[in-house]
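So you can see what is in the structure, the chains are spelled out below.
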Amino acid sequence: MANIIKSRDQVNRKNIDLNDGTYAEVVASAGNMTTKARDAFESYDPTDGRYSQVLGTGDLAYADGNAAAASYLVLSKSSLYAGTETVIEGELRLTMPVEIAVGLSMSQRTVGQDFSIELVSDDVSQISSANVNILNITQATTTLTVNTTTNHGLSVGKCIGIAGVNDSRMNYNSLVVASVPSPTQFTVTAGPGGTIPSLSVGPFTSGYVFHRPRLGGANDGISMILENATVTNASFYTRSEAGDAYPSGTVAGNHSVTIGTTASVQLVNSAYQYAFAPTTEYKLVIQADRVQVQDQAIDVLTGSTSRLIRTSVVPSPAKQYKLRMRARNADSMPIPVGQIVTAVKTGTTTATVTFDRPHGLTTADVIVAYGSRDQTNFANLTTATAVASIVSPTQITVVWGAAVTATTYGGFVARVQGGNLMSALGAVGQTVQSAALSTLADGTRQLLLVGSASWAAPAVTIGDTLDLIGCRDIATGASLNIDGAWKIASAATTNLTLVLPYAGSTVLPADFTTVNCGGGLVRRTELRISYIRAFDYARERVEWTQRPTTDVSASIPAVITNTPAVTVSSGTITTVSTVTAVTGGGAAEDAAAGTNPLTVGGVVRTAMAPTTLVAGDAARLTMTAGAAAVVAPFAIPEVSWQTPAPVSGIVNTATPLQVKEAAGASLCNYVTALDLYAEALTNATDFRVREPDLTCSSQTIASNTLTVSVTHNLRIGDAVIFTASTVTGISTGVTYYVLTTPAATTITLSATRGGSTLAISGTGVTATFHKVLWMTRIPTTGAAPRSIQFPMPLRGSVNTILQLQTATASGAGAVYASIQGFAAQ
């Protein structure tokens, strides 16, 4: 690894007088990080002594990034080969305790491809990882039962896969053993992708069980494995002294736990600019007595989140550890079985497909197909489609689209394995319609593809790499010899420009001008390592020996620095300044507060606080009987209330329904929440939370002032609606606002909140109106159930009833409303 720095602990020696004529020498070790390594992957060369690598077939590993300070190691897995593994190891060896921080992200997440970041020992377990042949395999709904020809050696929680079954639906690439009824039988119900698809099929008598080795077989270490399609999931495994790998999550099912997202951030979205950054930093720490995993967002002022701790299964402290990155395609991962040379239909829906190689399919297989040039008559087969017949080792028939006479070229067919479609592995929906290969002035080989539709993210993102498959001339069916890994340089509508990931990564023919062709594209799954920081360090442990609390001489001295000086003893606070002793607050509750009140603790209340409090009074903190502090807008349980909807709801009536009685003198009802549901109604209606009607008896209007028959308890700004009026200037069914309250029984109104005075007049006139706290409209289609919260509670008038009303009789259909709140001043 890059930039390795080593340092020794600094040792301080000091003679200590033991007060008996002798001295003792104390050695104090000042611990620090002893080995430090970091790599930002501005370059990557597996021959320079920092890393070693073994690449799986078709896989790539290279440094990338050319904008916005982005640099990262790309570990790119081919989508064309199953059962392959790429391993990259750091050459630096670290001793416990070890901490490694990794900024990583991924181009996409899949099932059937495992990407691991590990701290592991050099020694490898001798546990056999050989494949085990299947005697028979059966699935009943979501339980897979496998009988093997020999002892399988499995236990609950082991990570395996199934391959080679003649019904490819059984070829699950990522499973976890659920039970082991016998040495030759086991069951499975789930894997990293969750519960397996429900099927009831079998028995089948072919295939084998393959192992998905955790930690690459290392005897000790910790591994973080990205093995499902969720960007916020990872599986963690620890191993100690060649024992079983202990998983996170559920032992017999999905081993995944929540982590910070692995999604890449595209720093620059511009042609020929490759700039990805991680969203999350992951930190793995192994100590002699524990393993911990944390993560935190990159370049964000927030703390880290702990994701895992293991104190039961901890790697050996006697070994050295190395950083390792692994990327593995499962044995049964869906891959193309062949390129489509031609697909032909002659007035029928059944197409005869000719491949460039033996396809290996049977009539028990189901397939998908991508990249056909003629998307009108041979649209991508994106769902599992059965093979109709086997014509020859290189030909099949399959029902594909409508009945027509047509021929198409290019693309590929893939076998569906364990319900895993190629779409889940990044198959791109657009298909190639033409291709042109050119060489730029700087020697860059550039491929221009025209697609069947506009290219768009996330399928096409600048900087991602793709596998181009089955790019074939529609005139001859011949390959253009440009299949392989390409990096996206730009995308504009139907034009897609590709370049090689690095010089020489694909062997290319001579340049050619535009050729009409077919062809399919599959996103390659890529692990991007933006940086690695690794440390081993000296761990210091300090312990204080407990002494009796009465032994003051054995206590650790402490000095409190403050002004004025404060001495704390036996719970009494005494100052040597202007206040000599404090025994209580500066004022009793409900009395005028002094300028420096002391408020400590709270008081438990089971009834309303004093109702005579006014601005400037001191008040104690209110507590519930459960010692919970009560903070507005909530109240103690004893003054809270709830009113459920009537059993049959509010049906065909405009008569208000009382839901809460008056709270009492000087108290108001507050509404905190409302649950509302309405069936389909004959008549649409306004739904109101309101107060009872107030009446204005026969009167003569003067100064635009309305006189109410009783004390109205209204406040400036309250909304009111008139249900009857002979007053000139006032209309029924219209919302007005209280502008002033000249007296306890008089008000003036405005047409808008805080507007000008509403001009009203009349002699011997009458009116009826009510205050509205909240209102909504329910259409004839009804209202879906919803819970309405009022963070600032609706405030009723003092000592006034609360009502609910459907302002128009609903006809058929009912309205259900439950309401809750509390009483307070």
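Residues numbered from 1 in each chain as written. Predicted model: local features only at pLDDT ≥ 70, side-chain atom pairs only at ≥ 80, totals over all residues. Heavy atoms only, no water.

1. Structural notes on the overall build of the protein
Counting secondary structure elements, the protein contains zero helices and 60 strands. Considering the protein as a whole, with its 825 residues, one finds that 47% of them fall into the buried category. Contacts in the protein between residues far apart in sequence, at least 24 positions, make up 72% of those at least 6 positions apart. Surface summary for the protein: the accessible area is close to 36700 Å², and the carbon and sulfur share equals 53%. (Helix = DSSP H or I, 4+ residues; strand = E, 2+ residues; numbered from the N terminus. Buried < 20%, exposed > 50% of the residue type's maximum accessible area, 1.4 Å probe, protein only. Contact = heavy atoms within 4.5 Å. Areas by Shrake-Rupley, 256 points an atom, 1.4 Å probe, with all protein chains shown as cover.)

2. Topic: the nonpolar core
Counting residues in hydrophobic clusters, the biggest one holds 41 residues, and the most contacted among them are Ile117, Leu226, Phe236, Met325, Leu527 and Ile529. In terms of residues, this core owes the most to one element, strand S10 (residues 98-106), which gives five residues. Ignoring sequence-local partners within four residues, the contact set of Phe236 consists of Ser223, Met224, Tyr246, Pro247, Ser248, Val257, Ile259, Leu284, Val293 and Leu308. Core analysis: the next-biggest nonpolar cluster, separate from the first, contains 36 residues, Tyr62, Ala70, Leu466 and Leu508 among them. (Core = buried A, V, L, I, M, F, W, Y, C linked by side-chain atoms within 4.5 Å.)

3. Some points on empty space enclosed by the protein
Within the structure shown, the criterion is met by two cavities of 30 Å³ or more. In this structure, the largest cavity spans a volume of roughly 40 Å³. Contributing to the lining of the largest cavity are Asp114, Ser116, Arg212, Pro213, Arg214, Ile225, Arg326, Ala327 and Arg328. Counting residues per element, the lining of the largest cavity draws most heavily on strand S29 (residues 320-329), at three residues. Looking at the lining of the largest cavity, its residues break down into three nonpolar, one polar and five charged. Counted as a void, the second largest cavity has a volume near 30 Å³. The wall of the second largest cavity is formed by Ser79, Gln113, Met333, Pro334, Met422, Leu425, Val522, Arg523 and Thr525. (1 Å grid on protein atoms, 1.4 Å probe; cavity = no way out; pocket = protein on both sides within 12 Å on 5 of 7 lines; lining within 4 Å. Points joined across faces, edges and corners; volume = space filled by probe spheres on them. Nonpolar A, V, L, I, M, F, W, Y, C, P; charged D, E, K, R; others polar.)

4. Considerations on the sheet that holds strand S41 (residues 512-523)
Ordered by their spatial adjacency, six strands build a closed barrel running S36-S37-S40-S39-S38-S41, and the pairing between neighbours is antiparallel. Pairs of neighbouring strands in the sheet enclose a mean axial angle of 50°, with direction left out of account. Where strand S38 (residues 465-473) meets strand S39 (residues 484-492), four bridges bridge the pair, whose relative direction is antiparallel. In the sheet register, Thr465 faces S39, and the bridge partner there is Lys487. (Pairing = 2+ DSSP bridges. Axes fitted to C-alpha atoms, helices over the stretch in contact; angles between N-to-C directions.)

5. A short note on the environment of Trp400
Mapped onto the fold, Trp400 is located in strand S34 (residues 395-408). Here Trp400 is in contact with Ile340, Ala343, Lys345, Thr349, Ala351, Val353, Ala369, Ser372, Asn377, Phe378, Ala379 and Leu381, once residues within four sequence places are set aside. Of the polar contacts made by the side chain of Trp400, one reaches the backbone oxygen of Ala379; its length is 2.7 Å. (Polar contact = N/O pair within 3.5 Å; in protein donor to acceptor, adjacent residues only side chain to side chain.)

6. Structural notes on the pairing of strand S21 (residues 233-239)
Buried residues dominate S21, accounting for seven of its seven residues. The alternating pattern of S21 places Asn233, Ser235, Tyr237 and Arg239 on one face and Ala234, Phe236 and Thr238 on the opposite face, and all of these are buried. Relative to S21, strand S20 (residues 221-226) runs antiparallel, the two sharing five bridges. Within S21, the residue paired with Ile222 across the bridge is Thr238. What sits between the antiparallel neighbours S20 and S21 is a turn of six residues. Sheet analysis places S21 next to strand S23 (residues 256-258), joined by three bridges and oriented antiparallel. Residue Asn233 lies in a different strand from S23, and its bridge partner there is Thr258. If you look at the hairpin formed by S21 and strand S22 (residues 246-247), you'll find six residues sitting between the two strands, and Glu241 has a positive phi there, around 50°.

7. Some points on the sheet that holds strand S35 (residues 412-415)
Strand order in the open sheet made by the six strands is S32-S31-S35-S30-S34-S33, with antiparallel pairing throughout. Unpaired on one side and paired on the other, strand S32 (381-386) and strand S33 (389-392) mark the two borders of the sheet. Within this sheet the neighbouring strands show an average axis-to-axis angle of 55°, counted without direction. When strand S30 (residues 336-355) meets S34, the two strands line up antiparallel, connected through nine bridges.

8. Some details on the packing of aromatic side chains
The full count for this structure, using the stated rule, is twelve aromatic pairs. Ring geometry for Tyr62 against Tyr502: centres 5.4 Å apart, planes inclined by 50°, an arrangement best described as tilted. With Tyr62 in strand S6 (residues 60-64) and Tyr502 in the loop between strand S40 (495-499) and S41, this residue pair connects regions lying 440 residues apart in the sequence. Residue classification places Tyr502 among the partly exposed residues on the basis of a relative accessible area of 33%. With a centroid separation of 5.3 Å and an interplanar angle of 90°, the aromatic rings of Phe378 and Trp400 are classed as edge-to-face. With Phe378 in the loop between strand S31 (366-370) and S32 and Trp400 in strand S34, this pair connects stretches of sequence that are 22 residues apart. (Phe/Tyr/Trp six-rings, centres within 6.5 Å; stacked < 30°, edge-to-face > 60°.)

9. Regarding the layout of surface pockets
Size it by volume and the largest pocket reaches roughly 690 Å³. In terms of lining, the largest pocket is formed by 37 residues, of which the most central are Lys158, His211, Pro213, Arg214 and Arg239. Elements represented by at least two residues in the lining of the largest pocket include exactly strand S14 (159-163), strand S19 (208-211), S21, S22 and S29. Classifying every residue of the lining of the largest pocket gives 15 nonpolar, 13 polar and nine charged.

10. Observations regarding the environment of Pro646
By secondary structure assignment, the location of Pro646 is in the loop between strand S47 (640-643) and strand S48 (650-651). By relative accessible area, Pro646 is classed as partly exposed at 30%. Sequence separation between Pro646 and Leu657 is eleven residues; the distance between their C-alpha atoms is 9.6 Å. In this structure, Pro646 is in contact with Leu657 and Tyr816, ignoring residues within four places of it in sequence.

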